[in-house]
Amino acid sequence: MGYEEWKAYILCVLSNICFAGFNIVSKVSLNKGMSRYVLVVYGHAFGILATAILVLLFERNHKGKMSKAVLRDIFFLGLLGPVFGRTLGYAGMEYTSVAFASAMGNLIPSFTFVLALLFRMEKLEIGKVSSQAKIWGTVGALGGATLMTIYKGVVVISPHTHTRTHTHTSYHQPSKAFLDWEWIKGSLCLLISMLSLSAFYLLQSATLRKYPAPLTITGFTCFSGTLLAAIMTLILDHNLSSWRLSWDISLIAAIYSGIMVYGVATFVQMMAMQIKDAVFVTAFRPISTILVTLMGLIFLRDALYLGSIIGAIMIVLALYSTLWGKIKEKEKKVMENTNFEQVRRSAGWSKLDMRSPASGSGGGGRGGGGGGGGGGIQRAKGNGEGEGAVGELGFGFPDDLASQALAATGGNSILKATDWIFTRQKPHSQTPPEENPSSSPSPSPSPSQSQSPFQTKLDRFFHFPSKPSTSNPPHPHKQHCDSDTPSLPNPPSKQHWACLNAM
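Residues numbered from 1 in each chain as written. Predicted model: local features only at pLDDT ≥ 70, side-chain atom pairs only at ≥ 80, totals over all residues. Heavy atoms only, no water.

### Considering the overall build of the protein chain
No. 1: Per the secondary structure count, the protein chain includes 21 helices and two strands.
No. 2: Within the protein chain, buried positions represent 44% of all 503 residues.
No. 3: Considering only contacts in the protein chain between residues 6 or more positions apart, those separated by 24 or more positions represent 78%.
No. 4: Accessible surface, the protein chain as shown: approximately 26,300 Å² in total, 63% of it carbon and sulfur. (Helix = DSSP H or I, 4+ residues; strand = E, 2+ residues; numbered from the N terminus. Buried < 20%, exposed > 50% of the residue type's maximum accessible area, 1.4 Å probe, protein only. Contact = heavy atoms within 4.5 Å. Areas by Shrake-Rupley, 256 points an atom, 1.4 Å probe, with all protein chains shown as cover.)

### Things to note about the nonpolar core
No. 1: Counting 23 residues, the largest nonpolar core has F22, M34, L39, Y42, Y90, A229 and M232 as its most contacted members.
No. 2: Elements supplying a minimum of two residues to this core: α1 (3-31), α2 (36-58), α3 (68-95), α10 (214-236) and α11 (249-275).
No. 3: Contact partners of L39, with chain neighbours within four places excluded, come to S26, S29, L30, M34, Y90, A253 and A254.
No. 4: Counting 21 residues, the second-largest nonpolar core is a separate cluster that includes A101, L197, Y305 and A318. (Core = buried A, V, L, I, M, F, W, Y, C linked by side-chain atoms within 4.5 Å.)

### Some thoughts on the confidence of the model for the protein chain
No. 1: Counting all residues, the mean pLDDT for the protein chain is 75, and 66% of those residues have values of 70 or more.
No. 2: Averaged pLDDT values for the elements of the protein chain fall to 41 in helix α7 (residues 162-170) and rise to 95 in α3.
No. 3: Contacts from residues 162-175, a stretch scored under 50 in pLDDT, to residues over four places away or in other chains number seven contacts.
No. 4: Note that residues 476-490 has pLDDT below 50 and, in this model, 33 contacts with residues that lie over four places away or in other chains. (pLDDT = per-residue confidence, 0-100.)

### So, the packing of aromatic side chains
No. 1: This structure, assessed with the given rule, holds 10 aromatic pairs.
No. 2: Look at Y9 and F284: their rings are 5.6 Å apart centre to centre, the planes differ by 75°, and that puts the pair in the edge-to-face class. One end of the pair, Y9, is in helix α1; the other, F284, is in the loop between α12 (278-282) and α13 (285-300), with 275 residues separating them in the sequence.
No. 3: Accessibility expressed as a relative area gives 12% for F284, which makes it buried. (Phe/Tyr/Trp six-rings, centres within 6.5 Å; stacked < 30°, edge-to-face > 60°.)

### What about the packing of helix α5 (residues 108-118) against helix α6 (residues 129-150)?
No. 1: It is the contact of α5 with α6, at a shortest axis distance of 9 Å, that shows an interaxial angle of 120°. On the basis of the axis angle, α5 is oblique to α6. Pair α5 / α6 crosses with left-handed handedness. In contact with S110, F111, F113 and V114 of α5, α6 contributes K134, I135, G137, T138, A141 and L142.
No. 2: Among the residues making up the contact of α5 with α6, the classes are represented as six nonpolar, three polar and one charged. (Axes fitted to C-alpha atoms, helices over the stretch in contact; angles between N-to-C directions. Parallel < 35°, antiparallel > 145°, perpendicular 65-115°, else oblique. Left-handed = near helix turned anticlockwise from the far one by under 90°. Nonpolar A, V, L, I, M, F, W, Y, C, P; charged D, E, K, R; others polar.)

### Some points on a nonpolar patch on the surface
No. 1: Residues V114, L118, F119 and M121 make up a contiguous nonpolar surface patch of roughly 430 Å² in combined accessible area.
No. 2: By relative accessible area, F119 is classed as exposed at 61%. (Patch = residues over 30% accessible without salt bridge, like charges linked within 9 Å, V, L, I, M, F, W, Y side chains within 5 Å. Salt bridge = Lys/Arg side-chain N within 4 Å of Asp/Glu carboxyl O.)

### Regarding the pattern of salt bridges
No. 1: By the definition in use, this model includes seven salt bridges.
No. 2: E94 is paired through a salt bridge with R36; the nearest N and O atoms lie 2.5 Å apart. Of this pair, E94 sits in helix α3 while R36 sits in helix α2; the two residues are 58 residues apart in sequence, bridging distant segments of the chain.
No. 3: Residue K328 pairs with E331 through a salt bridge whose shortest N-O separation is 3.9 Å.

### Some thoughts on the environment of W181
No. 1: For W181, the position within the fold is in helix α9 (residues 181-210).
No. 2: For W181 and I150, which are 31 residues apart along the polypeptide, the C-alpha to C-alpha distance reads 9.1 Å.

### Some points on unusual backbone geometry
No. 1: Phi is positive for R120, which is not a glycine, with a value near 60°.
No. 2: In this fold, R120 is placed in the loop between α5 and α6.
No. 3: R120 sits in the exposed class, given a relative accessible area of 78%.
No. 4: Even without being a glycine, R301 presents a positive backbone phi close to 60°.
No. 5: Within the secondary structure layout, R301 lies in the loop between α13 and β2 (304-305).
No. 6: Taking the relative accessible area as the measure of exposure, R301 reaches 39% and is therefore partly exposed.

### Observations regarding the packing of α3 against α10
No. 1: Remark: α3 packs on α10, axes separated minimally by 7 Å, with the N-to-C direction vectors making an angle of 60°. As judged from the angle between their axes, α3 and α10 are oblique. Here α3 and α10 pass one another in a crossing that is right-handed. Note on element contacts: α10 touches α3 through I217, F220, T221, S224, G225, L228, A229 and M232, opposite V70, I74, F75, L77, G78, L79, P82, V83 and T87.
No. 2: Its residues assigned to classes, the contact of α3 with α10 comprises 12 nonpolar, five polar and no charged.

### Observations concerning α6
No. 1: Compared with the 32 Å implied by 1.5 Å per residue over 22 residues, the 31 Å span of α6 between its first and last C-alpha is a close match.
No. 2: Listing the buried residues of α6 in full gives S130, S131, A133, K134, G137, T138, G140, A141, G144, A145, M148 and T149. (Expected span 1.5 Å × (residues − 1).)

### Focus on the environment of H238
No. 1: Within the element layout of this structure, H238 appears in the loop between α10 and α11.
No. 2: For H238, a relative accessible area of 66% corresponds to the exposed category.
No. 3: At 3.1 Å, the side chain of H238 and the backbone oxygen of I235 are in polar contact. (Polar contact = N/O pair within 3.5 Å; in protein donor to acceptor, adjacent residues only side chain to side chain.)

Dropping the structure here:
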């Protein structure tokens, strides 16, 4: 394992330590009587200062345009993240425990998957193992959260000596373990908070595609969240003394929330994502839950309940099931793109061939022959007209043939559709004619180069022989293949398939 690998692990652990400390400091300040609404306002106000410094250091040369759509997204980011997500998270933490709230945070990947399906941002194929893993992960996460909500259970670990006596009596009073309404209220607040944060991350991902400057977007989100949270605080908390910050844990909580979470933790996660990816960073989330549980037992003297332990284990296992499904889908997508790139290079396609329509007769064929043979493998239409996969398959094929191939193969893979076109049933009425001895033979690959049947068909399709000399009359089928027509017949005729067999 090299230095970069170790660096990614260290950064992920460091970011989870920052998040664990944030939960502990916030819980202490809330227990001391600080208003959760004011804590949201001050935390995001300090977050503006922290992200402004990072933007000046790393993104001051960014020349992206801040459009109205991006500003609209920033407004909703401030609404989903600070107002709903953070405020309800603090409320749930007050009613339950800091370890419980941290365990609920592992629901975010599963909730994100569900919302992506509802908004059609992700495609679900039940027959695939990766989709099944994500489904079971989501079901398991929801089951664990439900168990933690309705079943508090007996005290398993407690730093208080008097609680041990209560632990013995709790086994004989199971009804109290199920009817803790404060616990249920806090659980519902945390569930809504995690759902809001999941929508926040989806919207943030879409906003970054429009304006690829993550630190700038984070800073503007903190600004939007500060304004919206201040309005919410003025409406819900009429006590002006709540705004006063003393030189105690309340000031530390606000500074820690702004600098360590929005400054240090955000920057560290970005560095880890540059080395690895988002799935790798998310896989370390349970470390924060373990650290919060230990610090809660030591510093906050919180008791650990049986329902929380079982539910947290279910949620963590469901998290890794969801992440495993995402990894498998990513690997398959990379493999398909790699195979398509290899086919494109072996067939001699260029980026110009796949993007622009045929223009003129200046481009030679792959074999180096003159004439306009190179234009025959260019796309007929561009992506700008919205053909989607049909347009991607339109390199030398008519649109109706491309649509037919995509419909026959399910429309999921361009490679499958291309293979379907070349392996479709050929007409048996015409037998391939004998090669004209006067025409120049096509160059054959060397025996050392082993090619698959699919690759051989591609080479036979795109290796157009050069035009025969005028002294020897060409074979009628080869004359049809050597025409300067830049696109294939629509659909390919029997004569064309006979021509392919002749080559």
